[in-house]
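# Architecture at a glance
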2 protein chains.
Amino acid sequence: MIQLDFEKMGGLLPAIVQDHQTGEVLMLGFMNEVAWEATLSTGQATFYSRSSQEIWVKGETSGNRQIVKEIRIDCDNDSILLMIDQIGGASCHTGYRSCFYKQVKDGSTQNIGKPVFDPEEVYGK
Amino acid sequence: MIQLDFEKMGGLLPAIVQDHQTGEVLMLGFMNEVAWEATLSTGQATFYSRSSQEIWVKGETSGNRQIVKEIRIDCDNDSILLMIDQIGGASCHTGYRSCFYKQVKDGSTQNIGKPVFDPEEVYGK
C-alpha cells in the first residue's frame, strides 16, 4: 500500500515534474488524493488547481499532456516526483519548455526560457 | 526586484533541490521569506521546517550542506528551484543520496535509494 500523507498540507501535496530523459525540472503542481489516484490510473499527470479549485489534467487544453514514465515519493511520504514524457515539448502555459524559466541573479531575474509555442495561439488570449 | 508570492500558501513556498551537475532531484523543502533571504545571502540552502517551526540550514547537524549554484523561480513566482552542490553526497536524513528513494510500482513502493551514511552514527538516534 502507498500511504501518502495528504493531511500534512490540508489535502494537497507538491508534485515535481521532471523530464524522464533529460532530468530537466519542468514544473511543480499540487495533487489532492483524487488527482493522485487519477495520475496512477490514467498514466497522465493530473493535478489539483488551487486557483480554479478543480482537478486538472495537464495539457487538456493545450494538448501538452505529460505521460508518466516513473513515479517516486520521498522519505516522509509528503512529496511526489513524476518523471514524464512531455507531449508537445512545453510544460508551461506561457509556452516555455519549463515553468522555471526565470534565473535569479544579483537581486533580479533573467528570462532564460526556451519558447515552444505561442500562448495566444493555443489559448486564444 | 524578485517578487515571490509568499501569500499564496500562508507564507511558505515549495523549493525543489536538484543536483546542479547530474540533474537528480534530491529533496523538496519549504521556504518562508526569511529562509529565502538567508539562502540568497549565504549561498547555502536554508528552509523553514514545518514540523519544528523554525529556520533550518540544510546540513547544519549532519554536515551535508547544500551549496547553491543556481536559482530559478517559476512562471507564477510561487515555486523555487535550487541547483546545488551536495556536500557529503547525501541530502536525505535517512542517509540516502536523494529523499525520493521510493519508487511507486504496481500499487506499492520499492526502495531504490543509494545509502551514503548511517543515520544512527550521524544523528545518534
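Presented here is a report on the structure given in the accompanying data block. (Residues numbered from 1 in each chain as written. Chains lettered and ligands numbered in written order. Predicted model: local features only at pLDDT ≥ 70, side-chain atom pairs only at ≥ 80, totals over all residues. Heavy atoms only, no water.)

## Considering the overall build of chain A
So the rule is basically this: Working definition: helices are DSSP H or I runs of at least four residues, strands are E runs of at least two. Numbering for both runs from the N terminus. By definition in these notes, contact holds between two residues if any of their heavy atoms fall within 4.5 Å. Note on areas: these come from Shrake-Rupley sampling with a 1.4 Å probe, and a residue is covered only by the protein chains present in the view. His is not counted, nor are the chain ends, whereas Lys and Arg count as positive and Asp and Glu as negative. Charge placement uses NZ in Lys and CZ in Arg. For Asp and Glu, CG and CD serve respectively.
Looking only at helices and strands, chain A has two helices and eight strands in total. Across its three principal axes, chain A shows a C-alpha extent of roughly 40 × 35 × 30 Å. Counted over contacts in chain A with a minimum sequence separation of 6, partners at least 24 positions apart contribute 41%. Per element, the accessible surface of chain A, about 5900 Å² overall, is 44% carbon and sulfur. Within chain A, the 17 negative side-chain charges are centred at a point lying 6 Å from the centre of the 11 positive side-chain charges.

## Overview of unusual backbone geometry
Despite not being glycine, Asn77(A) has its phi angle at roughly 60 degrees, a positive value. Its location among the elements puts Asn77(A) in the loop between strand 5 (66–73) and strand 6 (80–86).

## Structural notes on helix 1 (residues 33–42) of chain A
Residue and element names in this part refer to chain A. Short version of the rule: Only protein chains enter the accessibility calculation, which uses a 1.4 Å probe. A residue is then buried if its area is under 20% of the maximum for its type, exposed if over 50%, and partly exposed in between. Our arc is simply the arc of the directions from the helix axis toward the C-beta atoms.
Burial in helix 1 covers these residues: Ala35, Trp36 and Thr39. Mapping the buried residues of helix 1 onto a view down its axis gives an arc of 100 degrees, with all of them on the same face. Turned more than 90 degrees away from the buried face of helix 1, the exposed residues are Val34 and Ser41. Within two residues after helix 1, glycine 43 carries a phi angle of roughly 75 degrees, on the positive side.

## Some details on the pairing of strand 1 (residues 13–19) of chain B
All names here are of chain B. Selection rule: Whether two strands pair depends on DSSP finding at least two bridges between them.
Of all seven residues in strand 1, seven are buried, a share of seventy percent or more. Along strand 1, one buried face is formed by Leu13, Ala15, Val17 and Asp19 and the opposite face, lined by Pro14, Ile16 and Gln18, is buried too. Pairing geometry for strand 1 and strand 2 (residues 25–31), over six bridges, is antiparallel. Pairing of leucine 13 across the sheet is with methionine 31, part of strand 2. Here strand 1 folds back onto strand 2 in antiparallel fashion, the turn holding five residues, of which glycine 23 has a positive phi close to 85 degrees.

## Digging into the interface of chain B and chain A
Which entries qualify depends on this criterion: Buried area is calculated as the accessible area (1.4 Å probe) missing from two parts once they are joined, with the contributions of both summed. Salt bridges are defined as contacts in which a side-chain nitrogen from Lys or Arg sits within 4 Å of a carboxyl oxygen from Asp or Glu. Basically, the charged four are Asp, Glu, Lys and Arg, the nonpolar ten are Ala, Val, Leu, Ile, Met, Phe, Trp, Tyr, Cys and Pro, and anything else, Gly included, counts as polar.
Contact with chain B, which involves 39 residues of that partner, is made by 39 residues of chain A. Between chain B and chain A the total buried area reaches about 3200 Å² when both faces are included, carbon and sulfur atoms providing 65% of it. Remark: the boundary between chain B and chain A carries two salt bridges. Put simply, the parts of the chain that give the side of chain B that touches chain A at least two residues each are strand 1, strand 2, helix 1 (33–42), strand 5 (66–73), strand 6 (80–86), strand 7 (102–105) and strand 8 (108–111) of chain B. Tallying contributions element by element places strand 5 of chain B first for the side of chain B that touches chain A, with four residues. Class assignment of the residues belonging to the side of chain B that touches chain A gives a composition of 21 nonpolar, 10 polar and eight charged. Across three bridges, strand 7 (residues 102–105) of chain A lies against strand 5 of chain B in antiparallel orientation. If you follow Gln103(A) over to strand 5 of chain B, its bridge partner there is Arg72(B).

## Things to note about the sheet that holds strand 6 of chain B
Here is the rule: Here the axes come from fitting lines to C-alpha atoms, over the contacting stretch only for helices, and the angles between their N-to-C directions go from 0 to 180 degrees.
Taken together, the six strands give an open sheet; going across it, the order is 8(A)-7(A)-5(B)-6(B)-1(B)-2(B), and neighbouring strands pair in mixed fashion. Edge strands, defined here as strands with exactly one partner in the open sheet, are strand 8 (108–111) of chain A together with strand 2 of chain B. Neighbour to neighbour, the strand axes of the sheet diverge by 35 degrees on average, direction disregarded. Strand contacts of helix 1 of chain B: strand 7 of chain A together with strand 2, strand 5 and strand 6 of chain B, with the helix running at about 115 degrees to strand 5 of chain B, the strand carrying the most contacts.

## Observations concerning the relation of the copies chain B and chain A
Basically, it comes down to this: Least squares is the method used to superpose the copies, on C-alpha atoms of residues holding a pLDDT of at least 70 in both.
Once chain B is rotated about the relating axis by 180 degrees and shifted along it by 0.0 Å, it coincides with chain A to within an RMSD of 0.0 Å. Here the symmetry operator amounts to a two-fold rotation axis. No C-alpha of chain B lies nearer the rotation axis than that of Gly23(B), which sits 2.6 Å from it. Of the residues that chain B buries at the interface, 100% are likewise interface residues in chain A, meaning the two copies contact each other through the same surface.

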